[in-house]
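# Remarks on the overall topology
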Number of protein chains: 4
Amino acid sequence: MSGWLQGLPVTLAELRGRVVMLETFQMLCPGCVAYGLPLAQRVHRSFPSTDVTVIGLHTVFEHHDVMGRDALAAFVSEYQLEFPIAIDRHENDPVPVTMQRYQLRGTPSTVLIDRDGRIAHSAFGAFDELALGAQIGRLLTEHPTPGAAPTQPAPHDAPVCEPGRPCVG
Amino acid sequence: MSGWLQGLPVTLAELRGRVVMLETFQMLCPGCVAYGLPLAQRVHRSFPSTDVTVIGLHTVFEHHDVMGRDALAAFVSEYQLEFPIAIDRHENDPVPVTMQRYQLRGTPSTVLIDRDGRIAHSAFGAFDELALGAQIGRLLTEHPTPGAAPTQPAPHDAPVCEPGRPCVG
Amino acid sequence: MSGWLQGLPVTLAELRGRVVMLETFQMLCPGCVAYGLPLAQRVHRSFPSTDVTVIGLHTVFEHHDVMGRDALAAFVSEYQLEFPIAIDRHENDPVPVTMQRYQLRGTPSTVLIDRDGRIAHSAFGAFDELALGAQIGRLLTEHPTPGAAPTQPAPHDAPVCEPGRPCVG
Amino acid sequence: MSGWLQGLPVTLAELRGRVVMLETFQMLCPGCVAYGLPLAQRVHRSFPSTDVTVIGLHTVFEHHDVMGRDALAAFVSEYQLEFPIAIDRHENDPVPVTMQRYQLRGTPSTVLIDRDGRIAHSAFGAFDELALGAQIGRLLTEHPTPGAAPTQPAPHDAPVCEPGRPCVG
């Protein structure tokens, strides 16, 4: 990550035991504004964060010069987003690092991570609210495996998923 | 029940092992038409009926003379409802029998029944889609208890819930 | 007409000088319930009835036995429609008289009548709200022609359109 | 104006004879994105621009550093706005010049200008679609007065309203 808004940096290791909803967006993406972020906001308000933790991830892959940290901060303030926001990091590619490692096609994308830190579902575009609720309900009912090693490990450098080391994503 | 449309009568005993969504309505109830029945239709389409069985229950407690079986059949046809519809039975009270036994306040009401035949949730009015999805997801993840006796037994005469005997509700 | 609900019978002659919105519907028509009648209700509330008079017309052409006057009265009460409702009359055809004479394809249909009693617009299905507003705005700005004879006379037997004689529609 | 996107600068004098809808917005204003700009887009598509000319006006009064011309251009491109956009000009006040002269309270605001170049209506917040349509319909029906001098002249420095000189607003 190149930074965080509204909350201290966390790693997936620290969130082990919770269900995590990672909502990736760009502040100038119409679908993110129209349905992706409002749905993330509803999930954030519908479940205790100790059960379901919602994290926004700003994965800018175009118009980089006008979607920097200051612009994002104004956007988050105006839209009154209430969950923590991580900022994906760029190296030599317009597509940022975490977005590439999660193999996301674009924005908005929603990634659900189970209590053991594994990716349970990844969806591009509108996520049907009933289906999302059902996925979350299933994941909440499953108990974390004591000492489980993720069978489908989350990729390195992911915003909230690097166990045992600082979030450098 | 005084009858069924679109499907053979079933009992809750026959549906044991499935999650059941019972959507109670009146054909002239605006909230039922605007949000209750459309949500039931979306659940019916979103899950295999062997996982989640949706059943409509026509619980008429007013305007009885214009919401009889023929009127209901025309309504169900025009609105293209696809799930089975049971018709609640009247005795000496304008409020029909099953509606009373389930202690429902009015229409629309949604009753969720778990795989063991127990009432897991009962809600009057609009059911938030995310919350309904989460409830269904939880119930689907729970396995039916072999030989379980319901701890909160469904009331007698309920449309789909009388174990071991024909549905006389 | 075979009758009226919520208001005394009127003729188009009596409404000369006003813009009239005639909203035709059937109580079991999903499109009428979802958008036709709500739009008529919004027009009724948005303009003084001395400027724009909204009249509902129940043009039943199917399921006649369950959409009679009593059923309609219950429907109008439950949906809290606030404008007068005329009931189209049947003779030897399932399609009622006024609906035929106005050459309406089905329900919902919206007919706009100008201050001189002429049909200004007739639309089947959803009427774009912006376009409807613009039509009404145009018609309101036009002054009625003193002593004008309608060039496109409204058909006989129409609920509100028979000049000089009682509404026998 | 400090500039234009999507279209050559115009003055109200050049638009005399047309109805003009001026939609003021900020790109990070949630209400503008949710309802103000979509409504302007619908008006732009519903009427020939020789009848009704829609012009967006970017009236930034906060977060100036992240809502500059480049950011606006990316926004307009992503949201596929199809009408010309003028950029309001700042002097020594965070509130831009035209916004002050039109005495607008905030964004979104909608200003309707009649065929004679006079302000016919100015509204802050959501503009009911039916009412907006009716206003436009009325204004379209009125003929421009030959040689009319505006009785309620549009303020100086307005984006599209300075007759006889370049648009310096």
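For the structure, check the block above.
Residues numbered from 1 in each chain as written. Chains lettered and ligands numbered in written order. Predicted model: local features only at pLDDT ≥ 70, side-chain atom pairs only at ≥ 80, totals over all residues.

## A look at the sheet that holds strand E5 (residues 109-113) of chain D
All names here are of chain D. Basically, it comes down to this: DSSP calls a pair of strands paired once it identifies at least 2 bridges connecting them. To qualify as a helix, a DSSP run of H or I must reach at least 4 residues; to qualify as a strand, a run of E must reach at least 2; elements of each kind are numbered from the N terminus. Here an angle of 0 to 180 degrees is reported between the N-to-C directions of two axes, which are lines fitted to C-alpha atoms, with helices fitted over the stretch in contact. Here the contact rule is simple: place C-beta atoms from the backbone, and any two residues whose C-beta atoms are within 7 Å are in contact.
Read across the sheet, six strands follow the order E1-E4-E3-E2-E5-E6 without closing on themselves; strand pairing throughout is mixed. Each edge of the open sheet is held by one strand with a lone partner, namely strand E1 (3-5) and strand E6 (119-124). Neighbour-to-neighbour, the strand axes of this sheet turn through a mean angle of 20°, independent of strand direction. Of the strands in this sheet, E1, strand E3 (52-58) and strand E4 (85-87) are in contact with helix H3 (residues 69-78), which crosses E1 at around 20°.

## Notes on the relation of the copies chain B and chain A
Quick note on the threshold: When the copies are superposed, the least-squares fit takes in the C-alpha atoms of residues with a pLDDT of at least 70 in both.
Least-squares fitting of chain B to chain A yields an RMSD of 0.0 Å, with the transformation described by 0.0 Å of translation along the axis and a rotation of 180°. Those values place the two copies in the arrangement expected of a two-fold rotation axis. The residues that chain B uses at the interface reappear at the interface of chain A in 100% of cases, marking a shared surface.

## Considerations on the interface of chain B and chain A
In plain terms, the rule: Residues are grouped as follows: nonpolar covers Ala, Val, Leu, Ile, Met, Phe, Trp, Tyr, Cys and Pro; charged covers Asp, Glu, Lys and Arg; every other residue, Gly included, is treated as polar.
Facing 16 residues of chain B, the contacting portion of chain A comprises 16 residues. Per element, the largest residue contribution to the side of chain B that touches chain A is 12 residues, and it comes from helix H5 (residues 129-141) of chain B. Looking at side-chain class alone, the side of chain B that touches chain A contains seven nonpolar, five polar and four charged residues.

## Quick word on the interface of chain C and chain D
In this complex, chain C contributes 16 residues to the contact, which on the side of chain D involves 16 residues. Among the secondary structure elements, those contributing two or more residues to the side of chain C that touches chain D are helix H2 (30-46) and helix H5 (129-141) of chain C. By residue number, the principal contributor to the side of chain C that touches chain D is H5(C), which donates 12 residues.

## Comments concerning the environment of B:Phe124
Residues and elements named next belong to chain B. Stated precisely, the cut-off is as follows: Each residue is classed by its C-beta neighbour count within 10 Å, where at least 20 other C-beta atoms makes it buried, 12 or fewer makes it exposed, and intermediate counts make it partly exposed; the C-beta atoms are placed from backbone geometry.
Looking at where phenylalanine 124 falls in the secondary structure, it is placed in strand E6 (residues 119-124). The class of phenylalanine 124 is partly exposed, set by 14 C-beta atoms lying within 10 Å. In sequence terms phenylalanine 124 and glycine 56 are 68 residues apart; their C-alpha atoms lie 15 Å from each other. With residues near it in sequence (within four places) discarded, phenylalanine 124 still touches Leu104, Arg105, Gly106 and Ser109.

## Brief notes about the sheet that holds strand E2 (residues 19-25) of chain C
All names here are of chain C. Strands sit in the order E1-E4-E3-E2-E5-E6 across an open sheet of six strands; the sheet is mixed. This sheet does not close on itself; its edge strands, each paired only once, are strand E1 (3-5) and strand E6 (119-124). Each strand axis lies, on average, 20° off the axis of its neighbour in the sheet, ignoring direction. Across three bridges, the pairing between strand E3 (residues 52-58) and strand E4 (residues 85-87) is parallel. What sits directly across from glycine 56, in E4, is isoleucine 85. Contacts from H2 reach E2 and E3, with the element oriented near 160° to E2. On the sheet, helix H3 (residues 69-78) packs against E1, E3 and E4 and is oriented at approximately 20° with respect to E1.

## A closer look at the packing of H5(C) against helix H5 (residues 129-141) of chain D
Selection rule: The labels follow the angle: roughly parallel below 35 degrees, roughly antiparallel above 145, roughly perpendicular from 65 to 115, and oblique for the rest. What makes a crossing left-handed is the near helix being turned counterclockwise from the far one by less than a right angle; a clockwise turn instead makes it right-handed.
Relative orientation of the contacting elements H5(C) and H5(D) amounts to 40°, with a least axis distance of 6 Å. Viewed along their axes, H5(C) and H5(D) adopt a mutual orientation that is oblique. Classified by chirality, the crossing of H5(D) by H5(C) is right-handed. Facing C:Glu129, C:Leu130, C:Ala131, C:Leu132, C:Gly133, C:Ala134, C:Gln135, C:Ile136, C:Gly137, C:Arg138, C:Leu140 and C:Thr141 of H5(C), the residues of H5(D) in contact are D:Glu129, D:Leu130, D:Ala131, D:Leu132, D:Gly133, D:Ala134, D:Gln135, D:Ile136, D:Gly137, D:Arg138, D:Leu140 and D:Thr141. Of the residues assigned to the contact of H5(C) with H5(D), the class counts are 12 nonpolar, eight polar and four charged.

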